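Commentary on secondary and tertiary structure
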Amino acid sequence: MQKANINGKVWRFGKDIDTDLIIAARYLNTSDPKELAKHVMEDADPEFVSKMSVGDVIVADENFGCGSSREHAPIALKAAGVAAVVAPTFARIFYRNAFNMGLPIFELQESSEINEGDKISIDMDNGTITNETTNKTYNFIPIPPFMQELIDAGGLMSFAKKEIEEGK
């Protein structure tokens, strides 16, 4: 099955973006994705939610998602309409939580070459990210097949529900 490309405008963040910058602890009194979405990246960029559009992509430097192991972080990003996150490395617990919640993330060593405002296209089938602004194409570290199944299903819970319905 061919996967759809992700096409979006880039929003840049630096290194060591922790889960408290993604969604501040003061908002963890709810697990409502729509409420969390209103405050995503607020402490890193107070205007982020009002500036971004559904389908945009966050590109960051190394160690994105470090800090506490809250699932709220990928839930908030996905609910806000962030189509994907690209970084050279991700904190391991964030990496797993992102897939469990159905948020596509891509490890790209050259992420620092992509600038805020650039338009990028992510081709999951061919494992490439093309910066449409600079016309440069990069190969990203492939997503393991099972993790891709989680993304395609919309997350772990949706995947499990589908498996049960199909009698697997």
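Structure first, text after, so check above.
What you see is a predicted model, and the numbers here were worked out from it, not measured in a lab.

1. Details of the overall build of the protein
Regarding its fold elements, the protein presents seven helices and seven strands. Seen in sequence order, the protein has helices and strands lined up from the N terminus as β-α-α-α-β-α-β-α-β-β-β-β-α-α. For the protein, whose C-alpha radius of gyration is 15 Å, the value lies close to the compact-globule estimate of 15 Å for 168 residues. Counting only residues that meet the buried cut, the protein has 48% of its 168 residues in that class. The long-range fraction of contacts in the protein, counting pairs at least 24 apart against all pairs at least 6 apart in sequence, stands at 66%. Summed over its atoms, the accessible surface of the protein is roughly 8,200 Å², and 50% of this surface lies on carbon and sulfur atoms. Across the protein, the mean location of the 17 positive side-chain charges is 3 Å away from that of the 26 negative side-chain charges.

2. Regarding the pairing of strand S1 (residues 6-12)
Where S1 and strand S5 (residues 119-123) come together, four bridges link them in antiparallel fashion. Each residue of the ladder has a partner; that of Gly8, found in S5, is Ile120. Of the strand pairs in this sheet, S1 and strand S2 (residues 57-59) are connected by three bridges, and their pairing is parallel. Residue pairing across strands places Trp11 opposite Ile58, the latter belonging to S2.

3. Details of empty space enclosed by the protein
Taken as a whole, this structure holds one cavity of 30 Å³ or more when the rule is applied. If you add up the space inside the largest cavity, you get close to 50 Å³. Breaking the lining of the largest cavity down by element, the ones donating at least two residues are helix H5 (92-101) and strand S4 (105-107). Of the residues in the lining of the largest cavity, the class split is eight nonpolar, no polar and one charged.

4. Considerations on the environment of Trp11
Following the sequence through the fold, Trp11 ends up in strand S1. Distance from Trp11 to Ile151, taken between C-alpha atoms, is 21 Å for residues 140 residues apart in sequence. Ignoring any residue separated from it by four or fewer positions in sequence, one finds Trp11 in contact with Phe48, Lys51, Met52, Asp56, Val57, Ile58, Val59 and Glu116. Within polar-contact distance, the side chain of Trp11 engages the side chain of Asp56 at 2.8 Å.

5. Some remarks on the packing of helix H6 (residues 145-153) against helix H7 (residues 156-165)
Running from N to C, H6 and H7 cross one another at 90°; their axes reach a closest spacing of 7 Å. Judged on the interaxial angle alone, H7 and H6 are roughly perpendicular. Taking contact as the criterion, the partners of Phe146, Glu149, Leu150 and Ala153 in H6 are, on H7, Leu156, Ser158 and Phe159. Among the residues making up the contact of H6 with H7, the classes are represented as five nonpolar, one polar and one charged.

6. Let's talk about the environment of Asn29
Turning to its location among the elements, Asn29 is positioned in the loop between helix H1 (19-22) and helix H2 (33-37). Separated by 14 residues in sequence, Asn29 and Lys15 have C-alpha atoms that sit 27 Å apart.

What counts, and at which threshold
- Residues numbered from 1 in each chain as written.
- Predicted model: local features only at pLDDT ≥ 70, side-chain atom pairs only at ≥ 80, totals over all residues.
- Heavy atoms only, no water.
- Helix = DSSP H or I, 4+ residues; strand = E, 2+ residues; numbered from the N terminus.
- Rg over C-alpha atoms; globule rule 2.2 N^0.38 Å.
- Buried < 20%, exposed > 50% of the residue type's maximum accessible area, 1.4 Å probe, protein only.
- Contact = heavy atoms within 4.5 Å.
- Areas by Shrake-Rupley, 256 points an atom, 1.4 Å probe, with all protein chains shown as cover.
- Lys, Arg positive; Asp, Glu negative; His and termini not counted.
- Charge placed at Lys NZ, Arg CZ, Asp CG, Glu CD.
- Pairing = 2+ DSSP bridges.
- 1 Å grid on protein atoms, 1.4 Å probe; cavity = no way out; pocket = protein on both sides within 12 Å on 5 of 7 lines; lining within 4 Å.
- Points joined across faces, edges and corners; volume = space filled by probe spheres on them.
- Nonpolar A, V, L, I, M, F, W, Y, C, P; charged D, E, K, R; others polar.
- Polar contact = N/O pair within 3.5 Å; in protein donor to acceptor, adjacent residues only side chain to side chain.
- Axes fitted to C-alpha atoms, helices over the stretch in contact; angles between N-to-C directions.
- Parallel < 35°, antiparallel > 145°, perpendicular 65-115°, else oblique.

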